[in-house]
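Now for the letters of each chain:
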Amino acid sequence: MQLEECDQLKENIPAYALGALDVDDSAALEIHLRNCRGCQSELEQYRAVSEGLLFVVAPLPPSAALRRRLQARLPAARQGFGFSFLRVMSFGQFALALTVILLIALNYISFIQIQALQKRQVQLEAQIKNGQAALSLLSSSDTRLLPIRADGISGTILVDKPNNIATLVIWNLPVLNSNQTYQIWWIDGQGKRSSAGLFQAAVGQAFTTETIVSSQALATFKGLGVTVEPAAGSPQPTGVRIFKVDF
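Residues numbered from 1 in each chain as written. Predicted model: local features only at pLDDT ≥ 70, side-chain atom pairs only at ≥ 80, totals over all residues. Heavy atoms only, no water.

> Explain the pairing of strand β3 (residues 165-171) residue by residue, including any values.
Judged by how many residues are buried, β3 sits mostly within the fold: five of seven residues are covered. Bridging between strand β2 (residues 153-160) and β3 involves seven bridges; their strand directions are antiparallel. If you follow Asp160 over to β3, its bridge partner there is Ile165. What sits between the antiparallel neighbours β2 and β3 is a turn of four residues, in which Asn164 has the positive phi angle 60°. Sheet topology places β3 next to strand β6 (residues 207-213); seven bridges connect them, and they run antiparallel. From the neighbouring strand, Ala166 faces β6, where its bridge partner is Ile212. (Buried < 20%, exposed > 50% of the residue type's maximum accessible area, 1.4 Å probe, protein only. Helix = DSSP H or I, 4+ residues; strand = E, 2+ residues; numbered from the N terminus. Pairing = 2+ DSSP bridges.)

Here it is in structure tokens:
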């Protein structure tokens, strides 16, 4: 009876070696193999043959066309790059990237604010310096006060001819566009204009002060004027005249 059972089970060994035997028959054969050396030896022979079949023909790499078709069927290939990238990123990586972007934005905003504060500081320092010069001129007995009268603005020019210094104190002077500036002109006895400098209206203040020092004796000039010119200034007046004061 045992020999007959062995013969029946031995017929299943080739299929078992190839992994093609069903579950129930495999279980029965495995129980039999525990005690039957003859079937064990035959199974080893069949396994050696089946394993050798794998190396009879050398494996060929897939063609480029087949590779492209297979890659096209992958889920990642059917999704947009941005969405696939976000799926690959972990939550921690995404949070880190967002933090870096926010820090860059905050640094840029801080840089702009610092530039604005520095510009404002320069303007205030110039205003303080001009104010001190005006106070010095007021304390001098040689200083003359000449009124400024023009449409919408008023003020005073403090002229110290012995020291060749003049300070403008102008109320309600409009703030110009960034591509414009105020330009001061000395006016000599023949009416010829020569530039005395550029300045801008004070921002956030009711009055603007500007001090100018002449390289020539103020006695050679008969007056002073201010016009609106391009930001870099002009060799001669070209824009709207704001005011003119005779000495």
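> Account for the nonpolar core, with residues named and values stated.
Ranked by size, the top nonpolar core spans 25 residues in total, and within it Ile157, Leu168, Trp186, Leu224 and Phe243 carry the most contacts. At the level of elements, β1 (143-150), β2, β3, β4 (180-188), β5 (193-199), β7 (221-230) and β8 (241-246) are the ones that each hand at least two residues to this core. Considering each element in turn, this core owes the most residues, four residues, to β7. When neighbours within four sequence positions are excluded, Leu168 is seen to be in contact with Thr156, Ile157, Ile184, Thr208, Thr209, Glu210, Ile212, Leu224, Val226 and Phe243. (Core = buried A, V, L, I, M, F, W, Y, C linked by side-chain atoms within 4.5 Å. Contact = heavy atoms within 4.5 Å.)

> Talk me through the environment of Leu21; I want residue IDs and the actual numbers.
With respect to the helices, strands and loops of the structure, Leu21 is situated in the loop between α2 (13-17) and α3 (23-33). What Leu21 contacts, discounting residues up to four positions off in sequence, is Asn12, Ala15, Tyr16, Ser26 and Leu29.

> If you had to explain the packing of aromatic side chains to someone new, which residues and values would you point to?
What the rule picks out here adds up to four aromatic pairs. Centre to centre, the rings of Trp186 and Phe221 are 5.1 Å apart; their planes meet at 10°, and the pair counts as stacked. Of the two residues, Trp186 sits in strand β4 while Phe221 sits in strand β7, which places them 35 residues apart along the sequence. Assigned by exposure class, Trp186 and Phe221 land together as buried. Connected via pairs of aromatic rings, a cluster forms that spans Trp186, Phe221 and Phe247. (Phe/Tyr/Trp six-rings, centres within 6.5 Å; stacked < 30°, edge-to-face > 60°.)

Keep in mind that these numbers describe shape and distance, not what the molecule does.
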